[in-house]
Amino acid sequence: MILLALVAVPVAGGLLGWALGRRSTLVPRWISLVAMVLDLGLSIVLWAEHPAASIGGGPWIAKLTLPWIPQWGIQFELAADGLSLLMIVLTALLGVASVIVSWSTVRERVAFYNLNLCLVIGGIVGVFVALDLFLFYLFWELMLIPMYFIIAIWGHEKRQAASIKFLLFTQAGGLLMLLAILALFFIHGATSGEYTFDYFKLLGTPLAPGVATAVMLGFFVAFAIKLPAVPVHTWLPDAHTQAPTAGSVILAGLLLKTGAYGLIRFVVPLFPNAALQFAPIAMILGVAGVIYGAALAFAQDDLKRLVAYTSISHLGFVLIGVFAWNTLALQGAIVTMVAHGLSTGALFILAGSIQDRLHTRDMRAMGGFWESAPRFGGIMLFFALASLGLPGLADFVGEFLVLLGTYAVAPVIAIIAAVGVVLSAVYALWMIYRTFQGRQAPGRALPDLKAREMAVLAVLAALLLWIGLFPQRVLDTAAPSINQLQAGRTALVVPHGVHRDEL
Amino acid sequence: MRQYPIDYGLVLSAVLFAIGMAGVFVRRNVIFVLLCIEIMLNAAGLAFVLGGARWGQADGQVMFIFILAMAAAEVSVGLALIMRMFHRFKSLDTNEIARMKG
Amino acid sequence: MELLWLVPALPLLGFALLTLARRLVRGVAALIGVGSIGLSMLVTLWIAYSFLVSPPQSGAASDTVWSWIALGDFRVSVAFYLDSFSLVMILVITIVGFFIHLYSAGYMEGDDGFARFFAYMNLFTASMLILVLADNLLLLLVGWEGVGLCSYLLIGFWYRDPANARAAVKAFVVTRTGDAAMLVGFLLLFTSLGTLNIQDLLSKAVSQWPSGSGIAIAAAALILAGALGKSAQLPLQTWLPDAMAGPTPVSALIHAATMVTAGVYLVARTHAIFALAPPVQLAVGIIGVATLLIAGFSAITQRDIKRVLAYSTMSQIGYMFLALGVGAWGAALFHFVTHAFFKSLLFLAAGSVILAMHHEQDLLKMGGLWKRAPVAFWTFLVGALAMAAVPPLISGFSSKDWILSWVWSSPAGGPVLYVLALLGVLLTATYTARLVTLAFFGRERDVPEHVHPGGALIAVPLIVLAVPALFLGLIQTPRSLGGVNLFASFVQGVLPEPGAEGPPSTELLLMAVSTLVALAGLVLGWALGVSQARAHLARREAEPAGSPLHRFLLSGWGFDWLYDRAIVGPYRWLARINQSDVADWIARGFAALSRLLNRLLSLAQTGRLRWYATALGIGAVAIVAMVVFL
Amino acid sequence: MSSEQILALLPILVTSAASVVVMLLVALKRSHGLVFGVTVGSLLVALAAIGSSVSVMPQAVSSLLIMDRFALLYIGLILAATLAVALLSYAYLESRAERREEYYILLLLAAAGSEVLAAAGSYVSFFLGLEILSISLYGLVAYRRQTPLGIEAGVKYLILAGASSGFILFGMALIYAEQGSLQFAALAAAKGSSFDVVSLVGFALIVVGVGFKLAVVPFHLWTPDVYQGAPAPVTAFVATVSKGAMFALLLRYFIQLDLYQYGAVVLVFGIIAALSILAGNILGLLQNNVKRMLAYSSIAHVGYLLVALLASGPLAVSSVTFYLIAYFITNLGAFGVVGYLSSGEREAEEIDDYRGLAWRRPWVAGALTASLLSLAGIPLTAGFIGKFFIIAAGAGSRLWALLIILVVGSVVSFFYYFRLVLAIFREPDAGAQVPYPSASLAGGIALSVLTLLLVWLGVYPAPLVNLLGGMTSGLL
């Protein structure tokens, strides 16, 4: 039931705040904050209670199944393993952060805003726990709509084009995934006689190679768009740039993770053979993302756009890690997901703060902020360093593990991805150079961070440092799921060396 | 009396139908268009009668009577509408009523 | 050895305090900043004492603080490893570091980023200590990137000038280029040897890889790339002269004494792998000697006092690489030690000069400072003589001579390298003498009225550091000069000698030759200095156009120009033309296509009844045709 | 005619009788309220009568009408939709100067014609139902006879629908002349291996007529004009009941004749479906007139329905039916809001009329947004389950090409649905705000019920799915 509560608490909080929030703007804020904190508390309780427990020998730590549409083999099935758990904790945490950073920056339609914020968090948690493919698809779509509203209503100057672009891209992927889900449903039904959307039953559905590849691609495209992988990433810079601060935080910190999560949870386990054959292409896409994202990040004049492109670069590592498909790389991918959520989320908070203060995101109009805002600069520098993968911070652990795991499988990919390490230094430091260094333009002093902002950022920074120095807790949490995946990999008939030779 | 193959009759009705259809395509005066539709309907009626004759059933004729009734209803509604149209647009040209497009 | 973790932890604590506390009084900040290093130095001395008194059984001790990452076979801990090699390193780092910190308390007085400065310096010291103490490559990387970060932060310390900030970014990015290759090297090492623990790695490499095997060559080359970046060796040397944008103590600590020698440390630490890869080892030597010469030539032409020293640092590290290249690991380390002292001394004295000159760094505008800033002059002179390797007791002489003798006698060395190295000696002496001449002798050119070379906080560290710069050579002397072998025997266990030494007579001959060359260089440098000073006085402000060769040398052999054209420029050009992301054309294409189709289809919606009817008829015909004919 | 047959026909009879009663009532006393009440009452009675009809089905009434579960379900749907239209019409008509009472006569007649279509088992009843429906619609479409657009729409619909009736009739006549029977069933029995050319031509012409009524490409050109010119509630009726009845007929026709085995027929319908999906959605893309936009969207939706139809098998019938139900609810809601916000002589049809609706009329905006999300097929709405059902049916029959086109079309459609959503949630224009009429109870109830149904079916469709599952057994 705790899983249901995890989904329901933000949703209920949002609705309650909306219903009560007609008059006062403070009521919805407080209610959503309480809901998010409660959700965070619940998720931490779940984490603390089940450090590495499992149900029936598998990696699952909690499960809930309710009947829903029995005629179609659809259940309301929620389950969580370590991977989901990590993502949920991250979601709840960034949920709290989003509410706080919106506290004074969103002043219009506050009740409706907080409703959308809570709904999107609820939807994302749903994605991370839904283990019925129909339900998963439902949550998948559901989290988009409030996000769309957040961008379209409270976004910046080009919010309408950006929001619709976001929607069209993700929906295109989503519908393809729906086709793939249904194909799998019918194939499973035809072979086993049982028509069901139950993930656990669909696992191990025998598929002809060509069919498996086609169906897998349906899933892959959806997740690749969300991830986003090059070349279907172009919705992201627009959406991230135009979204309000909390929207960017959620987009970068969480929504992208659903794509990565989908790859790990669905693409690889459901279609192991096809995924293995597809791995070289996926890794090439990943490494292309690493390089291309970093190069474009450097090219941007718009601060938020820059940060947006860094996401593409980081998530490229995740894509590589997932398809390198060994313990190290997968763990690295997961750590990168968490770390990216924290570091990029924080960078968006910072970029948003700059915009709130100066009403511009154009770095050509910035410079020398350190003088008036040294704390701001220090924090910004910290997260920029996290983003460029400074050892000792979480991003480094993730990226290093990915590279380490990948090198064993596809050295060329790892080597090219290592170039990304240089390029990330270029964009991150260039960003600091253009904003905080140099001489301050007259009349363009940046007021320093306030206590509330500092508090949020300090928590994020502390977590990055914690994961960077003591990643074992995170690794252990994800380990059972990873081990199972890894077991699936070793069970495959295709010899290990095949795609190594191809590269 | 000489028996003609049914096909001749069907061809005749088809020609009638085509004439009606062509009229609908080319005429601009809405009354003529309505007339052409009547021709189309009657072509269908003729085909029904032919069919009835071929199979020795009353069904064809029954259908023809239905068609007549329906045509009458249509024409009455149609004429009423055309009156409104003339009242409003001072014209019976169908090209005049093309405000909605795109 | 249980206290080992305190050595890096104390400066780290200092950093944390300085960062987290807000609005510190200057004195408190200085106390924390200098005190943390001081404590760390004391702990180090205590450790050194106990290490010498009761050496550990295996000659090394390690201290695991916590398990960092454990994933199946991949196990990495935050663990420190102490042997004679790392002990030497931390001794130098903490001692030199402490005095530079002390000096900074005086030098940075009045700067509005006082606490920030000490925070960065503490973080640097902590990172550097982690680097040299790390028992595995991943932790080494933490220190490695940490020092790079601090270098970046401190070069860009005076962030208001965009040039400083750009220099900082350049330094970080150029070194990171090497780091990326090194990272790949680590990947390679782990993938083939299954561990990142340095000692395990070395023993496994030795037992599993045949000498000269491709994998050993690849691993050594990749590690070397990282070392080259950090130590500003060819071809990744371009960042170092620009790095002089940082405050002078920074140049002393980071860009002279410690960080830039991290590459030397790394290569020496993993020397077993290099020994397995003779071509790479040869490359190390060649790169070393090439850097030595290129930087030496450039140093002769520089006008900025700190840039001269920067090129000289590159050049001296070139010596260390040369030593590494011929397998004289101990000699390289010894040169590192002496260089740390005399070069930091030179920088700090130069800092005092710069203070005296009111932050003017142009040599041609100085002159005659020997009596205006006597402490700076005398200490500088000590450092200069050490660097120029003037015998007999000056530290630089011992270490350089040791290197030269190995270059001659090591199996990996030879006459060619020796002659080139000798040319380096000449260059070193020349630019050193020119520097001293221009700065301290002759007529005062543009020296300000009131000169403040700094108070006690400046003078004390200078004097203290001058002592080892003078006498450190005593712990390791050529056989003909007493044959003291303290240093070599201390590190022998970790850093073996390349082979048998040559006969003492050869050694004596070589020593004589190099001494003569050095003296010749001094004279040459003197002459150069005097003539340039005269020319400057004659011309006054008119900028000397200089010959193309001069300009070429002044610009550091045009490497910046080349990289700008070949890498930076194209990258920026690509970034500029692709700012709006070509991949977006896909989406825009679909949008345009949809709009086009929309327009085309809307053409049919004419509103004309006749057309609608006609379309109905056409559709009917089409359907009939399809049904009938298909 | 046995009593059981009468019982089976009761819904149709009640509806037809109601139209006569209303006509007489109007002759006696003009009272909008009274006529409205009688209409709503009789529609409720007719709905209730379905309950009694269920007990005697399946029942063939004189080979013209087949009252089976399928027919009754569709009749129920038609009646419920007509009821919703009636409720939505009240306030709409109340604010207008025209004679209001005749509207309900026409509405009831149109409903009766639709019911006949849904139960039709032969060409005769097909023809009768079609014409009762069409001729009533001529009047309804042109009901805003004071306005040029109303007249224009009426004339266009009259001429084109008349012509399309001509096509259907001629097609029927050809088939009859060849086959000698007007029964669908007889035809199915006689068809043998293949049709002759004349029958094929006849069949094709019927397809043309049906296609016109369903407004599929290439017979879709009239749709936006008529939707725009007609009063909003009538537009809702045309978009839902008229199409639904025709689709019921098509479904029965398809299954009884088992047209799936004719590759050419399947191909033709496939092409029509693909073109409708693409053209409908692309035409809607930049449309600023909401009614026209919804017209284009309805073209696409019929395309989706055809995909399900082509899927064959039991899943096809239930998926088509489910989708139609969802489509009915959704479109009634959407057009209902349009009508609800139309005041006096002005239809709220420009996209700017909806700007800031969410902040001015939040509940109405909620209803419209829910409808639009449902049209777009977003989860937790009936439209999502419907689309899911259709894609499932298509996937079950491996119609991958059509499904890909469906996906492409859907993605395009998001653009214009969300364009309207965006307008709803934009800041209201401070200067010139379009005045909205005051709220009406009947319309409010209708909209609330529709929205609730929309969400309920989206969240918990299991009962309806069960019901539909039982229905298909009656047809196959």
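Bear in mind the structure is a predicted one, so any value in this text is a computation, not a measurement.

(A) Local environment of the overall build of chain C. From N to C terminus, chain C includes 26 helices and two strands. The C-alpha extent of chain C, read off along each of the three principal axes, is 115 × 65 × 55 Å. When contacts within chain C are restricted to residue pairs at least 6 apart in sequence, long-range pairs at least 24 apart make up 81% of them. Surface summary for chain C: the accessible area is close to 22100 Å², and the carbon and sulfur share equals 70%. Taking the average place of the 36 positive charges on the side chains of chain C and the average place of its 29 negative ones, the gap between the two points comes to 12 Å.

(B) Representation of the interface of chain C and chain A in the model. Taken together, the contact pairs 46 residues of chain C with 58 residues of chain A. When chain C packs against chain A, close to 4700 Å² is buried across both sides, 71% of that on carbon and sulfur atoms. Among the ionic pairs, K165(A) bridges to D584(C), the shortest N-O distance being 2.8 Å. Linking chain C to chain A there are 21 residue pairs in polar contact (both at pLDDT 80 or more). Of all the elements in the fold, those that place two or more residues in the side of chain C that touches chain A are β1 (60-71), α4 (114-133), α5 (137-155), α6 (162-193), α24 (559-577) and α25 (584-604) of chain C. In terms of residue count, the dominant contributor to the side of chain C that touches chain A is α6(C) (15 residues).

(C) Spotlight on the pairing of strand β1 (residues 60-69) of chain A. Residues and elements named next belong to chain A. Pairing of β1 with strand β2 (residues 74-81) involves eight bridges; the strand directions are antiparallel. Bridge pairing in β2 places I69 opposite I74. The hairpin turn running from β1 into β2, its antiparallel successor, is four residues long, and G73 in that turn takes a positive phi close to 70 degrees.

(D) Structural view of the environment of A324(A). Residues and elements named next belong to chain A. The topology assignment puts A324 in helix α13 (residues 303-324). Note on A324: relative accessible area 1%, which makes it buried. Separated by 45 residues in sequence, A324 and A279 have C-alpha atoms that sit 7.0 Å apart. Sequence-distant contacts of A324, that is, excluding residues within four places in its chain, are made with M283, A329, T406 and V409.

(E) How the structure looks around a nonpolar patch on the surface. A contiguous nonpolar patch, built from L380(D), L441(D), I445(D), V449(D), L453(D), V455(D), W456(D), V459(D) and Y460(D) and spanning about 770 Å² of accessible area, is present on the exposed surface. The class of L380(D) is partly exposed, set by a relative accessible area of 31%.

About the thresholds
- Residues numbered from 1 in each chain as written.
- Chains lettered and ligands numbered in written order.
- Predicted model: local features only at pLDDT ≥ 70, side-chain atom pairs only at ≥ 80, totals over all residues.
- Heavy atoms only, no water.
- Helix = DSSP H or I, 4+ residues; strand = E, 2+ residues; numbered from the N terminus.
- Contact = heavy atoms within 4.5 Å.
- Areas by Shrake-Rupley, 256 points an atom, 1.4 Å probe, with all protein chains shown as cover.
- Lys, Arg positive; Asp, Glu negative; His and termini not counted.
- Charge placed at Lys NZ, Arg CZ, Asp CG, Glu CD.
- Buried area = accessible area lost by both parts, 1.4 Å probe.
- Salt bridge = Lys/Arg side-chain N within 4 Å of Asp/Glu carboxyl O.
- Polar contact = N/O pair within 3.5 Å; in protein donor to acceptor, adjacent residues only side chain to side chain.
- Pairing = 2+ DSSP bridges.
- Buried < 20%, exposed > 50% of the residue type's maximum accessible area, 1.4 Å probe, protein only.
- Patch = residues over 30% accessible without salt bridge, like charges linked within 9 Å, V, L, I, M, F, W, Y side chains within 5 Å.

Worth remembering: the numbers are spatial, not functional.
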